[in-house]
Amino acid sequence: MKKTPILLVVIYLMISCMVAVGYNRIEKQEDAAVQAWNPNGFETDPMQTAKNDSEAMQTGEEDKPDRSSENNKPEEDTEEGQLVLMSGVTPGVSFTPTPTEPPALTGEPTTTPETEDSDDGRVEVTYNGKVIGYINTDYRMEEETLKTIVKMVRKEPYVSSFVLYDINSEAMICYNEERYYPVASTVKAPFVMSCLWQIEEGTHSLEDTMEYTKEYSVRGDGVIKKEDIGTVFTVKELMEHAILISDDIGYLMLQGKFGYKNYNQFLRESGNKVTIDGESIKWGQTSAMDSLRNWKEVYRYINSDSENAAFFAELIKNTNKSFVRNVLGDEYVVYNKMGWVYGQCCHDHAIVMDEQPYLMVIMTMGNARTENQKFMEELAVILNGVHEEMVSGKEPVVE
């Protein structure tokens, strides 16, 4: 009779140990996910400065990258200070970032005098604690518009960034553009473009085939994961899957086929500071300013006479999701690629084909299916109106 309580105690202790080990494992996974997603805290980024990026954006037409072949070799170590590899987001691992409570709006809005960096010409206007940057333009948003945008970014429960860039004049309006986020699936458009460059060099073909193997099997968006292991796809099909429906396995298979050296070379020569290594870092991170550099090249490519430019343009014109296209697509052709990591971030990068075309990059933390959609769609409408004013020749607002 006395053995029964002892046995129950032993069983209870065993169960308690198992639960403790399980919780410890979950905590370690969450810590790893947080570290992978946010290695530098995102409060300040020692890799970049506003001055360096503004100078890079104002140099005009960047030199075309030397798109050499042999892109499947492992990425070589770079010289100290030249490049920093940052961890990407682990597929299938997610966490919910803590919402940032916006400060209460009290008293009258305050606008500080404009400040200008004499070296790069960047002008900043601080309104209620939020800094809006102007580059290559004398235009200033009217105070009511500025007030509306600042109210939106303060109310948004997560961090956000945006860049509005007029292609013809190179005029730019930006907010929080140096902050880094998980790149998510926005990487797929410039990466596919770099693959097409290699095809045009003759090293590959759209009709090349690739077998879906277990090494590419991951949880995520797309339909290839539902196919049988051993299913064969053409490169063209993989590109269509990766761009049109944001298929994660399609992207990883393209990376396995084409490598990543050519893509990294493009990133460096465009002024980006963060690359992928193709092994542990298959996605990476980006800022609104880095993304803008990439999409300037996307715009040039789809308007070039390259043999696959029209094919690529059709892909990014017909993506299955775009918050920018949702609100502007009835009036303009919108080329885009969205990206999101559920519970972590949501971005839309778009080319809006107005009479004077422009680029719009909007990046946010949070959930792609809930609060971010409303914020991003409303901001896209406002920025479209700002662009119309900026290029209309309207006299700048003088404070």
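Relevant structure appears above.
From a predicted model like this one, the values you see are computed outputs, not experimental measurements.

Each value, and the rule that gives it
- Residues numbered from 1 in each chain as written.
- Predicted model: local features only at pLDDT ≥ 70, side-chain atom pairs only at ≥ 80, totals over all residues.
- Heavy atoms only, no water.
- 1 Å grid on protein atoms, 1.4 Å probe; cavity = no way out; pocket = protein on both sides within 12 Å on 5 of 7 lines; lining within 4 Å.
- Points joined across faces, edges and corners; volume = space filled by probe spheres on them.
- Helix = DSSP H or I, 4+ residues; strand = E, 2+ residues; numbered from the N terminus.
- Nonpolar A, V, L, I, M, F, W, Y, C, P; charged D, E, K, R; others polar.
- Buried < 20%, exposed > 50% of the residue type's maximum accessible area, 1.4 Å probe, protein only.
- Pairing = 2+ DSSP bridges.
- Salt bridge = Lys/Arg side-chain N within 4 Å of Asp/Glu carboxyl O.
- Axes fitted to C-alpha atoms, helices over the stretch in contact; angles between N-to-C directions.
- Parallel < 35°, antiparallel > 145°, perpendicular 65-115°, else oblique.
- Left-handed = near helix turned anticlockwise from the far one by under 90°.
- Contact = heavy atoms within 4.5 Å.
- Core = buried A, V, L, I, M, F, W, Y, C linked by side-chain atoms within 4.5 Å.

A. Looking closely at empty space enclosed by the protein. Evaluated as defined, the whole model comprises 3 cavities of 30 Å³ or more. In this model, the largest cavity occupies a volume close to 130 Å³. Along its surface, the largest cavity is lined by 18 residues, and Val183, Tyr263, Gln285, Thr286 and Asn294 are the ones closest to its centre. For the lining of the largest cavity, the element with the highest residue contribution is helix H8 (residues 288–302), accounting for 3 residues. Residue classes in the lining of the largest cavity are distributed as 9 nonpolar, 9 polar and no charged.

B. Local environment of the pairing of strand S10 (residues 334–341). Of all 8 residues that make up S10, 8 are buried, and the element is covered over most of its length. Residues Val334, Asn336, Met338 and Trp340 of S10 are buried on one face, and the alternating residues Tyr335, Lys337, Gly339 and Val341, pointing to the opposite face, are buried as well. When S10 meets strand S11 (residues 345–352), the two strands line up antiparallel, connected through 8 bridges. When the sheet's bridge partners are listed, Tyr335 is paired in S11 with Ile351. If you look at the hairpin formed by S10 and S11, you'll find 3 residues sitting between the two strands, and Gly343 has a positive phi there, around 80 degrees.

C. Local environment of unusual backbone geometry. Despite not being glycine, Asn128 has its phi angle at roughly 50 degrees, a positive value. Relative to the assigned elements, Asn128 resides in the loop between strand S2 (123–127) and strand S3 (130–135). With a phi close to 65 degrees, Glu170 is a non-glycine residue in the positive phi region. With respect to the helices and strands, the residue Glu170 is situated in the loop between strand S4 (160–166) and strand S5 (172–175).

D. Representation of the pattern of salt bridges within the structure. Overall, the coordinates contain 6 salt bridges when judged by the stated rule. Notably, a salt bridge pairs Arg122 with Glu124, separated by 2.9 Å at the nearest N-O pair. Ionic pairing is found between Glu378 and Lys374, a salt bridge with its closest N-O pair at 2.7 Å. Of this pair, Glu378 and Lys374 are both found in helix H11 (residues 371–391), 4 residues apart, which corresponds to roughly one turn of the helix.

E. Representation of the packing of helix H5 (residues 235–244) against helix H6 (residues 248–258). Interhelical geometry of H5 versus H6 gives an angle of 140 degrees and a closest axis separation of 8 Å. Classified by the angle their axes make, H5 and H6 are oblique. As H5 packs across H6, the resulting crossing turns out to be left-handed. Contact residues: H5 offers Val235, Leu238, Met239 and Ala242, while H6 offers Gly250, Tyr251, Met253, Leu254, Lys257 and Phe258.

F. Molecular detail of the nonpolar core. One finds Leu196, Met239, Leu254, Phe312 and Ile316 to be the most contacted residues of the largest nonpolar core, which totals 66 residues. Beyond its immediate stretch of four places on either side in the chain, Leu254 contacts Phe191, Val192, Val235, Leu238, Met239, Ala242 and Gly259. Grouped together as the second largest cluster of nonpolar side chains are 38 residues, Val125, Cys346, Tyr358 and Met360 included.

G. Here's a closer look at the packing of H8 against helix H9 (residues 309–317). Direction vectors running N to C along H8 and H9 enclose 125 degrees, while the axes themselves pass 8 Å from each other. By the criterion of interaxial angle, the relationship of H8 to H9 is oblique. Counted together, Trp295, Val298, Tyr301 and Ile302 of H8 and Ala309, Phe312, Ala313 and Ile316 of H9 form the full contact between these two elements. The residue inventory of the contact of H8 with H9, partitioned by class, reads 8 nonpolar, no polar and no charged.

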